[in-house]
Amino acid sequence: MVSAMDVARAKRVLLKLSGEALMGEQAYGIAPEFLSYLVEEVQSAIALDIELALVIGGGNIFRGISGSANGMGRTRADQMGMLATVINGLALQSALMLSGTEAVVQTALEMPRVAEPFDHDSAKSHMKQGRVVIFVAGTGNPFFTTDTAAALRACEIEADLLLKATKVDGVYDSDPVKNPKAKRFETLTYHEVLTKNLKVMDMTAITLCRENHIPIGVFSIFERGALTAVLRGEPKATIIEERKE
Ligand code: UDP
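Reading guide: rules and limits
- Residues numbered from 1 in each chain as written.
- Predicted model: local features only at pLDDT ≥ 70, side-chain atom pairs only at ≥ 80, totals over all residues.
- Heavy atoms only, no water.
- Axes fitted to C-alpha atoms, helices over the stretch in contact; angles between N-to-C directions.
- Helix = DSSP H or I, 4+ residues; strand = E, 2+ residues; numbered from the N terminus.
- Parallel < 35°, antiparallel > 145°, perpendicular 65-115°, else oblique.
- Left-handed = near helix turned anticlockwise from the far one by under 90°.
- Contact = heavy atoms within 4.5 Å.
- Nonpolar A, V, L, I, M, F, W, Y, C, P; charged D, E, K, R; others polar.
- Near = heavy atom within 4 Å.
- Polar contact = N/O pair within 3.5 Å; in protein donor to acceptor, adjacent residues only side chain to side chain.
- Areas by Shrake-Rupley, 256 points an atom, 1.4 Å probe, with all protein chains shown as cover.
- Buried < 20%, exposed > 50% of the residue type's maximum accessible area, 1.4 Å probe, protein only.
- Core = buried A, V, L, I, M, F, W, Y, C linked by side-chain atoms within 4.5 Å.
- 1 Å grid on protein atoms, 1.4 Å probe; cavity = no way out; pocket = protein on both sides within 12 Å on 5 of 7 lines; lining within 4 Å.
- Points joined across faces, edges and corners; volume = space filled by probe spheres on them.

Draft legend 1. Highlighting the packing of helix α2 (residues 32-46) against helix α4 (residues 74-98). Across the interface, α2 lies against α4 with an axial gap of 9 Å and an inter-helix angle of 65°. Relative to α4, the element α2 is oriented roughly perpendicular. Crossing of α2 against α4: the hand is right-handed. Residue-level inspection shows L35, V39 and V42 of α2 in contact with α4, the latter providing A91, L92, A95 and L96. Of the residues that constitute the contact of α2 with α4, the class distribution is 7 nonpolar, no polar and no charged.

Below, the structure written as structure tokens:
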């Protein structure tokens, strides 16, 4: 059985933050007060002496699927979505730097005057030197999501753990916001997530983590201190991993 303590041994962690996490109470864009809150959460996490990288989404600004629903070609719409993640990454980097935490943005779509190009070796080197690395522009390819980008980057930087920040404190058998009787899972296998069609991350992301043995922790970013609690091994997340005998 997977234990939260296994998670506590993680030294290099990839945190997936959706764009929505930056909106706070707003319906769109970036809420400055929520950005400050995120900075505090990230700073508490790195104080635990872990190497931290982030993949940030763009759903608070633009999603390719909605652009293509309005008649735009999907590839162009997804490029706009990827650019939205760049905006979020730059906002988070600035907020971290202003608070005294070194942070670097690496992008999958090259824009040399704005951010470093993605490179797994230099990302690891930044992390070893205590910098937070923010990966933006997803995978650089249309038809993918930032969840898949998070799984891919986690594999590339050889992360011990992928943390998926959500609105609730783990994975439930139905939407806990709509169903007060929804049951929360302490642990799940990748297989269970796929076969029960649980809405955690897309199938590509789950499969990548499964094939590369990267456990996934699903936790609430809206609960202050939950990120560090998960990293300390407290049962504040649903852990997805292959079940050990
Ligand atoms: N996107 C893409 N390729 C990727 C990652 C993202 O084309 O590898 C685009 C896609 O249009 C997506 C948008 O970027 O809708 C924003 O990413 P996502 O929806 O995953 O953001 P989140 O829901 O995490 O805020």
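Draft legend 2. A look at the site of the ligand. Taken together, 19 residues form the shell around the ligand, and within it R63, D78, T139, N141 and T146 come nearest. Within the side chain of D78, a nitrogen or oxygen atom sits 2.5 Å from an oxygen atom of the ligand. One of the backbone nitrogen or oxygen atoms of M82 is found 3.4 Å away from an oxygen atom of the ligand. Protein contact buries 93% of the 520 Å² of open area that the ligand shows by itself.

Draft legend 3. Fine view of unusual backbone geometry. Backbone geometry at D49 places phi at a positive 70°, although glycine is not the residue there. Its location among the elements puts D49 in the loop between α2 and β2 (51-56). Its identity as a non-glycine residue notwithstanding, A137 has a phi of 70°, on the positive side. Along the polypeptide, A137 turns up in the loop between β5 (132-136) and α6 (146-156). A137 gets classed as buried once you look at its relative accessible area, which sits at 0%.

Draft legend 4. The nonpolar core, seen in detail. By size, the foremost hydrophobic cluster in this structure holds 44 residues, and its most contacted members are L15, L17, L92, I134, L163 and F219. At the level of secondary structure, the elements contributing two or more residues to this core comprise β1 (12-17), α2, β2, α4, β3 (103-107), β5, β6 (161-166) and α9 (226-231). Looking at this core, the element that brings in the most residues is α2, giving 7 residues. Discounting chain neighbours no more than four positions away, the residues touching I134 are L54, I56, G89, L92, Q93, L96, A103, V104, V105 and Q106.

Draft legend 5. The environment of S44, seen in detail. Tracing the chain through its elements places S44 in helix α2. Residue class for S44 comes out partly exposed when judged on its relative accessible area of 35%. Separated by 185 residues in sequence, S44 and A229 have C-alpha atoms that sit 10.0 Å apart.

Draft legend 6. Seen up close, the layout of surface pockets. There is about 1,200 Å³ of room inside the largest pocket. A breakdown of the residues in the lining of the largest pocket according to their chemical character gives 18 nonpolar, 17 polar and 13 charged.

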